[in-house]
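# Topology and contacts: notes
Given next are the chains, with one letter for each unit.
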Amino acid sequence: MEYRSLGTTGWSVSALAFGCMSLTGSKEESMQLVAEAVAGGVNFFDTADLYDKGENETLVGQALKPFRKNIFLATKVGNQWRADGSGWDWNPRRDYILSCAEASLKRLQTDYIDLYQLHGGTIEDNINETIDAFETLKQQGKIRHYGISSIRPNVMKEYVDRSSIESVMVQYSLLDRRPEEAVLSLLKEHNKGVLVRGALAQGMLVDKPAREYLEYSKHQVMQLQQAIKALAGRYSPQALAVQYVLQNPAVTSVVAGIRTRGQLKELLAALKPVEPAELQRLSGVLPPVFYTQHRQ
């Protein structure tokens, strides 16, 4: 397993992080899968209070309890379930974040959260109020560090400029190269960890049928799929997808949803290096797309 420094946290986290939202099997199967990931060198686990209305945190807390002191545990806050369970609304207010942290600590069966992340964010939020909530939790010792999960470059910049975030979780893949325009260099310059979600592009870079994605047509997605298949004799699709984002010097870790032992095995194997020239060729198959919204 490769480990990379996450911002200024002092932690070296595994290049593959376990995205716990995908734990949908039985409790016994999920706990076994988490234990096998730890045995494989994974020390970074990511969840959110939104997932399964908090039950995912409960499961993760129980599964990680035997390993807690060696684990970098991350969760997220900001999406509030409606009373009738019909959906959720955005709530980045200070009091809400403080109360959610208490609930997450109980569900996770831990005294502190290593990385507490804002699960979204808009430029219209009272960002100073949100920052104050995270800083208060740090002072209280309930969280060690905080970050944001966002696809909005203007929001990322505000938090980089105004807060002590340690990381930003971004969507990034061969089919979503928007962060390459400016976001990755900004975060690298300020020594912020970059956590990548969506590296497999909802499975289309591995085994899912092509369809329209962002500004790419179905035909364009198929072009990239064919280029990946042409390398099948040397590299797995997982390796090509994961190594493409890990090759960027700004990236700290790939947060991947893992449902089965087979997926875990494939992703661990995908951490072996790929020839840079092959990744360069894949990046040239399609023109990059850029963020069109939330730029200012």
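Structure first, text after, so check above.
Below you will find a few notes about this structure. These numbers come from a predicted model, not from an experiment.

## Some details on the overall build of the chain
A tally of regular secondary structure across the chain gives ten helices and twelve strands. Over its C-alpha atoms the chain spans a radius of gyration of 19 Å, differing by no more than 12% from the 19 Å that the globule rule assigns to 296 residues. Overall size of the chain, expressed as C-alpha extent along the three principal axes, is 50 × 45 × 40 Å. When the 296 residues of the chain are sorted by exposure, 55% land in the buried category. Sequence separation of 24 or more characterises 74% of the internal contacts of the chain that already satisfy a separation of 6 or more. When the accessible surface of the chain is summed, it comes to about 13400 Å², and 48% of that surface belongs to carbon and sulfur atoms. Within the chain, the 33 negative side-chain charges are centred at a point lying 4 Å from the centre of the 34 positive side-chain charges.

## Some remarks on helix H8 (residues 237–246)
Among the ten residues that make up H8, nine are buried, leaving the element largely enclosed by the rest of the structure. Listing the buried residues of H8 in full gives Gln-238, Ala-239, Leu-240, Ala-241, Val-242, Gln-243, Tyr-244, Val-245 and Leu-246. Those residues of H8 that are buried are in contact with strand E1 (3–5), strand E11 (193–197), helix H7 (218–229), strand E12 (251–257), helix H9 (261–269) and helix H10 (276–283).

## Some thoughts on the side chain of Asn-43
Tracing the chain through its elements places Asn-43 in the loop between helix H1 (27–39) and strand E4 (44–46). Look at Asn-43 and you get buried, because its relative accessible area is 9%. Ignoring sequence-local partners within four residues, the contact set of Asn-43 consists of Tyr-3, Trp-11, Ser-12, Val-13, Ser-14, Asn-70, Ile-71 and Phe-72.

## Considering the layout of surface pockets
Which parts of space are left empty comes out when a probe the size of a water molecule is rolled across the atoms. The space that makes up the largest pocket amounts to roughly 1100 Å³. Surrounding the largest pocket, 40 residues form its lining, Met-21, Ser-22, Arg-197, Gly-198 and Gly-257 being those nearest its centre. Contributions of two or more residues to the lining of the largest pocket are made by strand E7 (88–90), strand E10 (167–171), E12 and H9. Looking at the lining of the largest pocket residue by residue, the class counts come to 17 nonpolar, 15 polar and eight charged. Space inside the second largest pocket adds up to approximately 210 Å³. Residue lining of the second largest pocket: Pro-153, Asn-154, Lys-157, Arg-178, Glu-181, Ala-182, Val-183, Leu-186, Tyr-291 and Arg-295, and that is the complete set. Elements with a minimum of two residues in the lining of the second largest pocket: helix H5 (153–162) and helix H6 (183–189). In terms of residues, the lining of the second largest pocket owes the most to one element, H5, which gives three residues. Of the residues in the lining of the second largest pocket, the class split is five nonpolar, one polar and four charged.

## Digging into unusual backbone geometry
Positive phi outside glycine occurs at Ala-201, with the angle close to 55°. Take Ala-201: it is sitting in the loop between E11 and H7. Positive phi values are uncommon outside glycine, yet Gln-202 reaches one of about 55°. Assignment of secondary structure puts Gln-202 in the loop between E11 and H7. Here Gln-202 falls in the exposed class, since its relative accessible area comes to 56%.

## What about the sheet that holds strand E3 (residues 16–19)?
What the eight strands build is a closed barrel, ordered E3-E4-E5-E8-E9-E10-E11-E12; its pairing is parallel. Strand-to-strand twist of the sheet, defined as the mean angle between neighbouring strand axes without regard to direction, takes the value 30°. Across six bridges, strand E8 (residues 113–119) lies against strand E9 (residues 143–149) in parallel orientation. What sits directly across from Leu-118, in E9, is Ile-148. Set on the sheet, helix H4 (residues 127–139) makes contact with strand E5 (72–77), E8 and E9; between it and E9 the angle comes to about 155°.

## Description of the packing of aromatic side chains
Across all of its chains, the model carries seven aromatic pairs by this definition. With a centroid separation of 5.3 Å and 90° between ring planes, the pair formed by Phe-44 and Phe-72 is classed as edge-to-face. Of this pair, Phe-44 sits in strand E4 while Phe-72 sits in strand E5, and the two are 28 residues apart along the sequence. Ring pairs connect the aromatic residues Trp-11, Phe-44 and Phe-72, which therefore count as one cluster. Over the face of the ring belonging to Tyr-112 we find Arg-68, whose NZ or CZ atom lies 4.6 Å from the ring centre.

## Details of the pairing of E8
Across the seven residues of E8, seven count as buried, placing the element largely inside the fold. In terms of strand pairing, E5 meets E8 through four bridges, oriented parallel. What sits directly across from Lys-76, in E8, is Gln-117. With H4 bridging E8 and its parallel neighbour E9, the resulting β-α-β unit is right-handed.

Analysis parameters
Just so you know, the residues in each chain are numbered from 1, in the order the chain's sequence is written. A pLDDT threshold of at least 70 governs which residues receive local features in this predicted model, and a stricter bar of 80 or more applies before side-chain atom pairs are shown or counted, although totals over entire chains, interfaces and linings include all residues. To obtain the side-chain values, all non-hydrogen atoms of the structure were included, while hydrogens and water were left out. A run of H or I in DSSP counts as a helix once it spans at least four residues, and a run of E counts as a strand once it spans at least two, with each numbered from the N terminus. Each radius of gyration is computed over the set of C-alpha atoms, and the globule rule expresses the reference value as 2.2 Å times the number of residues to the power 0.38. Note on classification: 1.4 Å probe, protein chains only; a residue is buried when its accessible area is under 20% of the maximum for its type, exposed when over 50%, partly exposed between these limits. Residues count as neighbours in contact if any of their non-hydrogen atoms are within 4.5 Å of one another. All accessible-area figures derive from a Shrake-Rupley calculation using a 1.4 Å probe, and residue coverage is judged against the displayed protein chains alone. A residue counts as positive if it is Lys or Arg and as negative if it is Asp or Glu; His and the chain ends are not included. Charged side chains are reduced to one point each, which is NZ for Lys, CZ for Arg, CG for Asp and CD for Glu. Method remark: on a 1 Å grid restricted to protein atoms, a set of points is classed as a cavity if a 1.4 Å probe fits but cannot get out and as a pocket if it is open with protein on both sides within 12 Å along at least five of seven lines; lining residues have an atom within 4 Å of a point. Grid points are joined across faces, edges and corners, and a volume is the space filled by probe spheres set on the points. Under the convention adopted here, Pro, Cys and the residues Ala, Val, Leu, Ile, Met, Phe, Trp and Tyr are nonpolar, Asp, Glu, Lys and Arg are charged, and Gly plus all remaining residues are polar. Strands qualify as paired when DSSP identifies two bridges or more between them. Comment: axis = line fitted to C-alpha atoms, over the contacting stretch for helices; angle = value between 0 and 180 degrees taken between N-to-C directions. Only Phe, Tyr and Trp rings are paired, with Trp represented by its six-membered ring, and only when their centres lie within 6.5 Å; those with planes under 30 degrees apart are stacked, over 60 edge-to-face, the remainder tilted. When the NZ atom of lysine or the CZ atom of arginine is within 6 Å of a ring's centre and also within 35 degrees of its normal, the charge is said to sit over that ring. Look down the strands so they point away from you; if going from the first strand over the helix to the second traces a clockwise path, that crossover is right-handed.

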